[in-house]
Amino acid sequence: MLMAFMLTAFSVFAQNKTVTGMVTDDKGAPIQGVSVTLKGTKTGVMTDADGSYRIEVPSTAKTLVFSYVGFETWEQTISSQNSISVQLKPGQSNLDEVVVVAYGNVKKGDFTGSASQITSKDFQNRPLTNVTNAIPGSAPGVQTTAAGGSPGSSPGIRIRGFGSVNASNDPLYVVDNVPYDGGLANLNAEDVETITVLKDASTTALYGSRAANGVIMITTKKGKKNRNTLNFKLMQGVSSRGIPEYDRANASQFYVMMWESYRNSLLYAASPQPLAVANQNATNGIKGLLGYNPFNVPDNQIVDVNGIFNSSANLLWADDLDWTKELVRMGNRKDATLSFSGGNEKSDYFGSFGYTDEKGYIIRSDWRRFSGRVNINTQPTKWFKVGINLSGAVNKSNQASDGSSTGLVNPFYFTRAMGPIYPVYLHNQTTGEYILDASGNKIYDYGNIQLPGMPFRPQLGGRHNLAETRWNQELFKRNTLSARNYADVIFTPWLKFTTNIAVDVTDYQGSSYQNQIVGDGAPAGRASKEASKTTSYTFNQMLNFNKKYGAHNITALVAHENYDYNYNYLYGFRQGQAVEGNFELTNFATINSLTSLTDNARIESYFGRINYDYEGRFYATASYRRDGNSKFAPDVRWSSFWGIGGGWRLDREKIISKISWINMLKLRSSYGQVGNEGGISLYAYQALYGVSNNAAEPGFRQSTLPSPELTWETGKNFDIGTDFILFKNRLSGTIEYYNKVTDRMIFDVATTISNGQYTISQNIGSMYNKGIEVELKGDVIRNKNFTWNLGINGSTIKNRITKMPESNKEIISGTKKLKEGQSLYDYWVREWMGVNPVNGEALYRADVWNPSNSFVDGKGDTVTNSINNARYHYAGTAIPDLFGGISSTFSYKSFSLNFLLNYQLGGLVYDATYASLMHAGAYGAALHTDMLKRWQNPGDITNVPRMENSKTGVFDAASSRWLTGGSFLNVRTITLSYDFGKSILSKINASGMSLYVSGENLYLFAKRKGMNVNQAFSGVTSNAYTPSRIITAGLNVNF
Amino acid sequence: MLTFNFMTMQKNSLFILFITGLLFTATSCKKDYLETAPTNAVSSADVFKTTANAWTAVNGIHRMLYIQWNGNQDQGGQSANMIYMDMLGEDLVNTAQANGWFISCYRWLDHRNVNSRVPYFNYQFYFKIIANANMIIANIDAAEGPDTDKKIIKGQAQAYRAWSYYQMVQLFGKRFDASTANDTPGVPLVLEPTNVPAPRATVAEVYTQINKDLDDAIANLTGYTRANKSHLNINVAKGLKARVALTQQNWTVAAQMATEARQGLSLMSNAQYLGGFNDYTNPEWIWGSKQQEDQQTFFYSFFAYMSCNFNSSNIRGNPKAINSVLYNLISTTDVRKQLWDPTGTNTAFPIPPGGLRRPYMNRKFVAPGGSGISIGDVPHMRVGEMYLIEAEAKARIGGQDAQAAQALFTLVKNRDASYTLSANTGQALINEILTHRRIELWGEGFRFYDLKRLNQPLNRNGGNHQLSLAVVFDIPAGDKQWEFLIPQAELNTNPLVTQNPL
């Protein structure tokens, strides 16, 4: 709209003749809204509803440029004729694509920054409950993790590496030009027009103190002038598990290994039993330790004294060993959106109503959303324009309890860890028959003593994930309302005042219940309610200036903005359920907790930007923002951020414009300093005492020390790159290099434990991320009936910490050690040295020679069997060598097939979930089939230590043994669609109709079956909702 | 319709300047726009503005004794230390692995692993209390309010600091041996709020400070009548002094202080003895943590591991038992014998739904709210212990065996009506007293401290400890394994601290 206005406004220069004409698409249909400009100027008009235009052309003008989003730009020499009609080809050229940037738009050809834009046509046929899932694989420089399978989950996103250790690494999300505090799953993907990833400092500088991790701009759809449409879209799909389970030992393998675990704990004890005695004790006693005998042989005849499984033993409840059978279902997903849009000379509108209902493949996990949006813009007079973009969503979701990796309510942990001998339901221990209740139903086996004579399950005894998942409740309802209102006062064609008022309100109601029968809530039954309300306001006032002085074109912006965030929280938790089926707190007798709080955070800002270009050849931009932030102490709360950028359109230089195969060639570079305040506590600078009541007496205890100097992290981001379009627009691409330095990086420095161990957030570190990003898009085949285009992108990250706190030069955290010269994700683990062939003990490289636990192995290495004497070492990094995506579209007549792959080369995964299946023999806990390769007899050469119950934690300690190659290739999506021809369309009076099938997460190629290789940036796997595979069919009709 | 086209450039600029100025001033914010404060915390300065406020800082420490630490399920404040101390001894028996909590501590692995959370917790927990006490001691004098309140507030902080150092130095330092200089490393002495790391003071220096703090506390707490037993009064301060003196083999002071500490309190009845050790109004309790409903301790409660009846995976699968060797030393007429069930079949012992019964399981600790609620008051000091300190100290002074036997008699006669005054003397009397100490204080967090104080070996043989579960049966007296390792997290941030022998 803005562009349209300007183009009209500028068309008042010297006039010599009038050219008229019509613009149509390749099928001959008129196109409205095509920009028709005089080449090298901003003078231009737009076509109206029937595709016609009328432009005054000065005698000096030689060429008319016709451009429209989604079509190839066409240049037409002006000869003597007064009528020029053109037919535009749908196509590749993206020069005139509008890139959404901070507080405005810019044409891609004029853009000097670094941004990747994903448009609705890239993801319109994908079943995305959370639109951010369109990002993985689609944007160079953006590293992502696989979103969990829980409906509505979003992927982790890192733009150009990792900017911080203790503050946030998440980008800033901006929805319709205003930072968004709601969850992105509130948005209907159908409403989204573009997702733009802003990467470099000059592009992000206008978001100042929140920009250092990059910015993701999500822009929703608008109506188009004189193009009234009605669109209906329906998707229906099924969801299932995207990655298979790890291979685990079966019942007989398991029993034998557990026998061995027990036998060895007797044989290798400090006061060992003789072999024969230990063997006999194991044969006699193993059932007692495992609790259950699932075989039709006596307890002491399952495994003989030689550790051999009884060949005549058969399972008593073979059909009842699969704990996932009833927890996993065929999930489904329904999605319907009705949208309508249009406009006239003065106004445009877009409206939509959407319904999404996704049921995950784990029972009791779903997401249901009703969403609506209205976007209206109107310009009733020449000098005033106003618009409102109002959206709301009503979300309701049952959440799978996968929050804690070893939570007993976590279905993935529970089913994975359950030994393969334990039944889901109660069985007669002799006959194996199901024990039924009075109504003839099967009874869940909690693994404790439910009936006289029943065994006790040592693994997860007294717990039952299936029953708990069925009977418990983890539910939330979230209602959101977002409003973006603006008013423009147009003083003159070159000066405009704009004010925006935006409000985001999120009402959240969480409801949780744990049943009385089994689990955390038993026997009382307990319920909690959580209510929160998040309100954020953004209010700004901007002056926009845009004027041309001969060959010099200047646009400028000055502005002021307030941001006000308010969070209200109320939580109640009671137990002692009275009546079944009622989960309201009044139905519970005892108050466990009742609490509330209010948080406020505010930012005030002044900012401005100047863009300059000379003849469309040289571009320069400078941005400045000054932010005051309530998170920091008064003396340091104001700081300035800035960015500069420049571009040079080489193709507009004479020498290069003669080279026919270069259609566009641009060099660009930028540098700037932006801030990061995400993840820092709202009151981090204040010395505080937190609530610590002693029974009925009010109390406080020291919680934080003052940090008066604390301020933003500073991102110093440099970027240089080239954009090009070659070979008659057949190949386009970008190659760029970035160097992103974080200074004043925040470390939560702990005072030493003996000083009370209070963490103080201080700006004392430095880190950099450097890398190269390459993106290429090309038309491999471009025929009348068949086109094939291919896009590929790849990126690298080199991450290094360059400055650590003086008092904490090395920080060990989990499997990582932070140290100058190392990356954020370099593994620091015990060095695994294999298994001692003599006795099957796990060996680690020895830290010091200690005769009681060390020896020199055959290769001359000093090794130890003591985990305390094991040497830690840097064992590689979780950061891949190269990552990116490959996308392709094949079109043949009315069919089109496209796919998107997402890959990573290099990097190591610390497969902690695998490690937990490779334990030395905790009774009852499931084992990976790799344990079959364990050491059993002196002389065995293997990498898997012996089974021994008392050595769990020693033989399977954290070490480089659990590191696995992290390369992967993920088939993220494949879509096949069919466009109906005119004959059918005319019958139903439609302007377009397509049918398609689409799949998400179709296959993952990784080094180990079961490993969720792309789960975390840190490379460490955990038990969580495995990504889901969704296969969908859809229908899309336009009127 | 308004239009600006007629304006000249000059007018236009002025107009714009005016509008812009107006809008920007109208929207620029008040000076305090960027001032925000939390609602669930108060500023440190406000806490010490008045004595009324400063009382809340003392209450804050009381509460620290039963909150969850580090999000860990085995670290519910002081009760974590109590369970660790018994897990390391021979009198508490794990009956099964259950969900594994405390098992590697039981196997003597955790406190000897620099990265384990057991040494970490025992170091961090007490230093956190010390830091809070230091804030009170440093700031209370400047608060507005009556001097009597200042003395009481300060006295409690001093007692807490002494107790914390005492609990800790016994773990991380070598055993205090009155016959030596005790100049081996203890723990860092931090006596005021500071960010400056300190090296480990010697064991002797730490004890000197402990005694100084206790003496100050006793002086400051004289005349203080407390609201309830979660507060530290002069009885508690004297009881701590008695414990410290016993550890320092300072028998006279120990006997004297133990006697004074029980003044105004009495032994409980037999009925109360079987009441579950969960109520701080019990006449015998000198000091205990009071827990209330809306301060639930869930699965990190003392009762989530040590009671017989709370519905936790740990208790269902692994009800805690007494060493059968010790059980067999208890007289059949002793009420204490009823706390354990040697058969594992006695249905009078309450158990959670689906819980296992195991031979020698205990019902000393009972979650008072039933199997659904883990809260219960936790005892930190009882009159019974004071009689045992008095008896042991007097038996060791020499020449006071009769008085020692009398002190023991007062206690044991209360527990066992058939008990007669002991005729033992010398080492036999001491042994008898120590056996009663093991019986009386089972599960209350004393055993590791006692074994180390007495320079005795760990000996789990001959009873009901299971080989594959306990793994470790013997640790010689004086072995380096009696010293906890300094946690790696401290070594990482305090270059002045040295590690114990690995």
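Computed from a predicted structure; not experimentally measured.

### Side note on the overall build of chain A
Of the regular secondary structure elements, chain A holds 10 helices and 51 strands. Against the globule reference of 31 Å for 1039 residues, chain A gives a C-alpha radius of gyration of 32 Å, in line with a compact fold. Dimensions of chain A, computed from C-alpha atoms along their principal axes, come out at roughly 110 × 70 × 65 Å. When each of the 1039 residues of chain A is scored for burial, the buried share is 59%. Contacts in chain A between residues at least 24 apart in sequence constitute 67% of all its contacts with a sequence separation of at least 6.

### Looking at the pairing of strand β45 (residues 882-892) of chain A
Residues and elements named next belong to chain A. Direction of pairing for strand β35 (residues 786-795) relative to β45: antiparallel, over a ladder of 10 bridges. Paired with T787 across the two strands is S891, which belongs to β45. Pairing geometry for β45 and strand β46 (residues 895-905), over 11 bridges, is antiparallel. Looking at β46, one finds that F883 is bridged to Q904. Hairpin connection, β45 to β46: the antiparallel pair is bridged by two residues, and K893 has positive phi, about 50°.

### Points about the sheet that holds strand β5 (residues 63-67) of chain A
Backbone hydrogen bonds are what pair the strands of a sheet, in a parallel or an antiparallel way. Residues and elements named next belong to chain A. Taken in spatial order, the four strands of this open sheet run β3-β2-β5-β6, and their pairing is antiparallel. Looking at strand neighbours, the two that pair on one side only are β3 (44-46) and β6 (74-77), the edges of this open sheet. Strand-to-strand twist of the sheet, defined as the mean angle between neighbouring strand axes without regard to direction, takes the value 20°. Relative to β3, strand β2 (residues 35-38) is paired through three bridges, and the arrangement is antiparallel. Residue pairing in the sheet places S35 in a bridge with M46 of β3.

### Side note on the sheet that holds strand β1 (residues 17-24) of chain A
One open sheet holds the three strands; their spatial order is β4-β1-β7 (chain A), and the pairing between them is mixed. The strands lining the two open edges of the sheet, one partner per strand, are β4 (52-57) and β7 (86-87) of chain A.

### A closer look at the pattern of salt bridges
With the rule as written, the count across this model stands at 77 salt bridges over all chains. R243(B) serves as the salt-bridge partner of E385(B), at 2.8 Å between the closest nitrogen and oxygen. Residue E385(B) is located in helix α15 (residues 383-397), and its partner R243(B) is located in helix α9 (residues 234-247); the two are separated by 142 residues in the primary sequence. As far as burial versus exposure is concerned, E385(B) and R243(B) are alike and both buried. Salt bridges sharing partners connect three or more residues here, namely R160(A), K199(A), K666(A), R668(A), D719(A), D723(A), E736(A) and E773(A).

### Looking at the environment of I397(B)
All names here are of chain B. Residue placement: I397 occurs in helix α15. Here the alpha-carbon distance between I397 and M64, two residues 333 residues apart in the chain, equals 37 Å. If we skip the residues at most four places from it in the chain, I397 touches W251 and T252.

### As for helix α6 (residues 117-139) of chain B
In an α-helix, one full turn covers 3.6 residues, which means residues spaced three or four apart are oriented alike. The end-to-end C-alpha separation of α6(B) is 32 Å, in line with the 33 Å expected for 23 residues at 1.5 Å each. The backbone nitrogen of V118(B) lies 3.0 Å from a side-chain oxygen of the residue at the head of α6(B), namely S116(B).

### Here's the deal with helix α3 (residues 51-64) of chain B
Here α3(B) is 14 residues long and its end C-alpha atoms lie 20 Å apart, about the 20 Å a rise of 1.5 Å per residue gives. Across the 14 residues of α3(B), 12 count as buried, placing the element largely inside the fold. Along α3(B), the positions that sit buried rather than exposed are T51(B), A54(B), W55(B), T56(B), A57(B), V58(B), N59(B), G60(B), I61(B), H62(B), R63(B) and M64(B). The elements touched by buried residues of α3(B) are β30 (688-691) and β31 (700-704) of chain A together with α2 (44-47), α6 and α7 (147-172) of chain B.

### Some points on the environment of G966(A)
Residue and element names in this part refer to chain A. In this fold, G966 is placed in the loop between β48 (963-965) and β49 (968-979). With relative accessibility at 0%, the residue G966 sits in the buried group. Aside from chain neighbours lying at most four places away, what touches G966 is Q904, G906, G907, L908, V909 and V1013.

### Regarding the confidence of the model for chain A
Confidence in the prediction for chain A averages 91 pLDDT; 97% of positions are at 70 or higher. Note that pLDDT drops below 50 for residues 1-15 of chain A; the model gives that stretch 25 contacts with residues more than four away or on any other chain.

### A closer look at the interface of chain A and chain B
In this complex, chain A contributes 99 residues to the contact, which on the side of chain B involves 92 residues. Three residues stand out in chain A for area buried against chain B, namely F491(A), Y689(A) and I753(A), and they jointly supply 10% of the buried area on that side. Applying the counting criterion to the chain A and chain B interface returns one salt bridge. Remark: the boundary between chain A and chain B carries 40 residue pairs in polar contact (both at pLDDT 80 or more). If one sorts the elements of the side of chain A that touches chain B by residue count, strand β26 (residues 588-614) of chain A sits on top with 12 residues.

Definitions and limits used
Residues numbered from 1 in each chain as written. Chains lettered and ligands numbered in written order. Predicted model: local features only at pLDDT ≥ 70, side-chain atom pairs only at ≥ 80, totals over all residues. Heavy atoms only, no water. Helix = DSSP H or I, 4+ residues; strand = E, 2+ residues; numbered from the N terminus. Rg over C-alpha atoms; globule rule 2.2 N^0.38 Å. Buried < 20%, exposed > 50% of the residue type's maximum accessible area, 1.4 Å probe, protein only. Contact = heavy atoms within 4.5 Å. Pairing = 2+ DSSP bridges. Axes fitted to C-alpha atoms, helices over the stretch in contact; angles between N-to-C directions. Salt bridge = Lys/Arg side-chain N within 4 Å of Asp/Glu carboxyl O. Expected span 1.5 Å × (residues − 1). Polar contact = N/O pair within 3.5 Å; in protein donor to acceptor, adjacent residues only side chain to side chain. pLDDT = per-residue confidence, 0-100. Buried area = accessible area lost by both parts, 1.4 Å probe.

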